[in-house]
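Commentary on secondary and tertiary structure
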Amino acid sequence: MEQVFNFSAGPAVLPKPVLAKVQEELLNYDQTGMSVMELSHRSAAFENIIESAEALFRELLAIPDDYHVLFLQGGASLQFSMIPLNLLRPHQSADYIITGSWSKKAVTEASKQGTINTITPENPYIIPDYTHQDLSSASQYVHITSNNTIEGTRYSRYPKTGDIPLVADMSSHILSDSIDVKKFGLIYAGAQKNLGPSGVTVVIVRKDFVGNASDNCPTMLNYETYVKHKSLFNTPPTFAIYVMKLVLEWVKQQGGVKEMEVKNKEKAQMLYNFLDESKLFKNPVSKQNRSFMNIPFLTESKQLDEAFLKRAEQEGLMFLKGHRSVGGMRASLYNAMPLEGVQKLIDTMSQFEKENR
Ligand SMILES: *Cc1c(COP(=O)(O)O)cnc(C)c1O
């Protein structure tokens, strides 16, 4: 089969060496005589996997000791509910900055738990540098979506919230660039974009944020449950955690998050440079807020967008269709997208432009 490049926003491209390793170990994991899928989550072999995954993750992001790392289920979407359930008491409030569709969904769920103040940039393609003056001083936390997967925007500077903890949905850029974990009270991410397959969600939470949920908080929705049982309260998504561990090993081999960031910026800049020169394709995002991970672009007409998508598929450039809410195209350039994939996309766009001008 011809080589394809997968530009999907998620589930997304995984590193080829990781998939090869999964295949190699699939029938006999580490001399156990069985597949990792068949191992008890209470076995020493699996405990080893989940402990290595946590250790690697802590190392790659330099996570301080006063933070827990939890492996949960329910996707980033369940965190929209779990966060207010654990961090908000009745009559307390939180601020949510709405920079896109995922932030809106987070607000919908949080509003069921407490009072939510929302802040929305005037222009969806410009994210201002917020400070404590833009926020309510009584808030328990400020929630942001640090990379907007659908709109293709990111913060150039994270809000300065003073003493109010910052909570961030990093689903679509975690491990793609360096972050200072200390600046956040809680960080969460579904794995299926930059960390591994779908099924596992990572939560990094400062220790003092755990243990404050009300008594009627369901056990499965209380962070404390997962802290006490080291993410093994009930059966975790064992296979997803195993593949994530392999992805983390791969990131480390590549030189860690710093090196990922260099490569990701290079890949994204190649595409942005092309878009800025192009007479046919456009990206609407202001330069300082352009995502390095998700790059939306469009032509002047729906017909040309359709024609381009068809052409791209013939070239093996897959899942470039933009999100249904914004149309056009979107290229997701996660850690595992090789530079050759981006180059092939640019070459195809360039050729298409010549033929259609
Ligand atoms: C994909 C995505 C989600 C939803 O993740 P699920 O794991 O499907 O719940 C939430 N937030 C952001 C920023 C995303 O990119």
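Please read these numbers as outputs of a predicted model, since none were measured by experiment. (Residues numbered from 1 in each chain as written. Predicted model: local features only at pLDDT ≥ 70, side-chain atom pairs only at ≥ 80, totals over all residues. Heavy atoms only, no water.)

**A closer look at the domain arrangement of the protein**
- Structurally, the protein comprises domain 1 (16-253) and domain 2 (256-355).
- Between the C-alpha centres of domain 1 and domain 2 the distance comes to 27 Å.
- Interface area for domain 1 against domain 2, summed over the two sides, is near 2,200 Å², with a carbon-plus-sulfur share of 54%.
- It is Y125, I150 and R154 in domain 1 that bury the most area against domain 2; as a group they hold 28% of the surface buried on that side.
- Counting across the interface, domain 1 meets domain 2 through zero salt bridges.
- Taken together, the elements giving at least two residues each to the side of domain 1 that touches domain 2 come down to α2 (44-61), β7 (153-154) and α6 (238-253).
- Counting residues per element, the side of domain 1 that touches domain 2 draws most heavily on α6, which supplies three residues.
- Considering only residue class, the side of domain 1 that touches domain 2 consists of 10 nonpolar, 11 polar and five charged. (Domains from an automatic or database assignment. Buried area = accessible area lost by both parts, 1.4 Å probe. Salt bridge = Lys/Arg side-chain N within 4 Å of Asp/Glu carboxyl O. Helix = DSSP H or I, 4+ residues; strand = E, 2+ residues; numbered from the N terminus. Nonpolar A, V, L, I, M, F, W, Y, C, P; charged D, E, K, R; others polar.)

**A look at the pairing of strand β3 (residues 93-97)**
- Burial analysis of β3 places five of its five residues in the buried class, which makes it a mostly covered element.
- Residues of β3 alternate between two faces, with S93, D95 and I97 on one and A94 and Y96 on the opposite face, all of them buried.
- In terms of strand pairing, β3 meets strand β4 (residues 115-119) through five bridges, oriented parallel. Bridging from a neighbouring strand, S93 pairs with T115 of β4.
- Pairing of β3 with strand β5 (residues 139-145) involves three bridges; the strand directions are parallel. Pairing of Y96 across the sheet is with H143, part of β5. (Buried < 20%, exposed > 50% of the residue type's maximum accessible area, 1.4 Å probe, protein only. Pairing = 2+ DSSP bridges.)

**Points about the UniProt feature "modified residue: N6-(pyridoxal phosphate)lysine" (unreviewed entry) in the protein**
- UniProt records the feature "modified residue: N6-(pyridoxal phosphate)lysine" (unreviewed entry) for K193 in the present numbering.
- One can find K193 in the loop between β9 (186-190) and β10 (201-206).
- Not counting residues up to four positions away in its chain, the partners in contact with K193 are A9, G10, A12, T149, S171, S172 and Y334. (UniProt positions renumbered as here; feature names shortened; annotations may be inferred. Contact = heavy atoms within 4.5 Å.)

**Brief notes about the nonpolar core**
- In this structure, F57 and L61 are the most contacted members of the largest nonpolar core, which totals 56 residues.
- Broken down by element, the residue count for this core peaks at 10 residues, all from α6.
- Counting residues in each nonpolar core, the second largest holds 30 residues, with M270, L304, A312 and A331 among its members. (Core = buried A, V, L, I, M, F, W, Y, C linked by side-chain atoms within 4.5 Å.)

**Topic: the sheet that holds β3**
- Here we have seven strands laid out as an open sheet, ordered β2-β10-β9-β8-β5-β3-β4, and mixed in their pairing. The sheet terminates laterally at β2 (67-72) and β4, the two strands that pair on one side only. Sheet twist, expressed as the average angle between the axes of neighbouring strands with direction ignored, equals 15°.
- Where α2 meets the sheet, its contacts fall on β2 and β10, and the angle it forms with β2 comes to roughly 130°.
- Helix-sheet contacts for helix α3 (residues 75-87) involve β2, β3, β5, β8 (166-169), β9 and β10, and the interaxial angle to β9 is about 155°. (Axes fitted to C-alpha atoms, helices over the stretch in contact; angles between N-to-C directions.)

**A look at α6**
- With 16 residues, α6 extends 23 Å between its outermost C-alpha atoms, agreeing within 8% with the 22 Å of an ideal straight helix rising 1.5 Å per residue.
- Taken residue by residue, α6 has T238, A240, I241, Y242, V243, M244, K245, L246, V247, L248, W250 and V251 as its buried positions.
- Looking at the buried side of α6, the elements it contacts are α1 (16-25), α2, β2, β10 and α7 (256-277).
- Looking at the residues trailing α6, positive phi occurs at G255, about 110°. (Expected span 1.5 Å × (residues − 1).)

**Remarks on the environment of L186**
- By the secondary structure assignment, L186 is in strand β9.
- Residue L186 is classed as buried on the basis of its relative accessible area, which comes to 0%.
- Residues L186 and Y67 lie 119 residues apart in sequence; the distance between their C-alpha atoms is 8.7 Å.
- Leaving out residues up to four positions away in the same chain, L186 has contacts with I83, L166, V167, A168, V203, I204, V205, F209 and Y223.

**Focus on the site of the ligand**
- Near the ligand lie 13 residues; those nearest to it are S77, T149, D169, Q192 and K193.
- At a separation of 3.0 Å, an oxygen atom of the ligand approaches a polar backbone atom of A76.
- In this structure, T149 approaches the ligand through a side-chain N or O atom, which is 2.4 Å from an oxygen atom.
- Contact with the protein chains covers 87% of the free accessible surface of the ligand, which is 390 Å².
- Sorting elements by how many residues they give to the shell around the ligand places α3 first, with four residues. (Near = heavy atom within 4 Å. Polar contact = N/O pair within 3.5 Å; in protein donor to acceptor, adjacent residues only side chain to side chain. Areas by Shrake-Rupley, 256 points an atom, 1.4 Å probe, with all protein chains shown as cover.)

**A closer look at the packing of aromatic side chains**
- Considering all chains together, one arrives at 13 aromatic pairs under this definition.
- Their ring planes at 80° and their centres at 5.8 Å tell us that F281 and F297 sit as a pair that is edge-to-face. Of this pair, F281 sits in the loop between α7 and β11 (294-297) while F297 sits in strand β11; the two residues are 16 residues apart in sequence, bridging distant segments of the chain. F297 matches F281 in its accessibility class, with the two residues each being buried.
- With a centroid separation of 6.3 Å and 70° between ring planes, the pair formed by F297 and F308 is classed as edge-to-face. Here F308 lies in helix α8 (residues 302-314) and F297 lies in strand β11, a separation of 11 residues in the sequence.
- Ring pairing ties together the aromatic residues F274, F281, F297, F308 and F352, which thus form one cluster.
- The positively charged end of R206 is found above the aromatic ring belonging to F209, 4.8 Å away from the centroid. (Phe/Tyr/Trp six-rings, centres within 6.5 Å; stacked < 30°, edge-to-face > 60°. Lys NZ or Arg CZ within 6 Å of the ring centre and 35° of its normal.)

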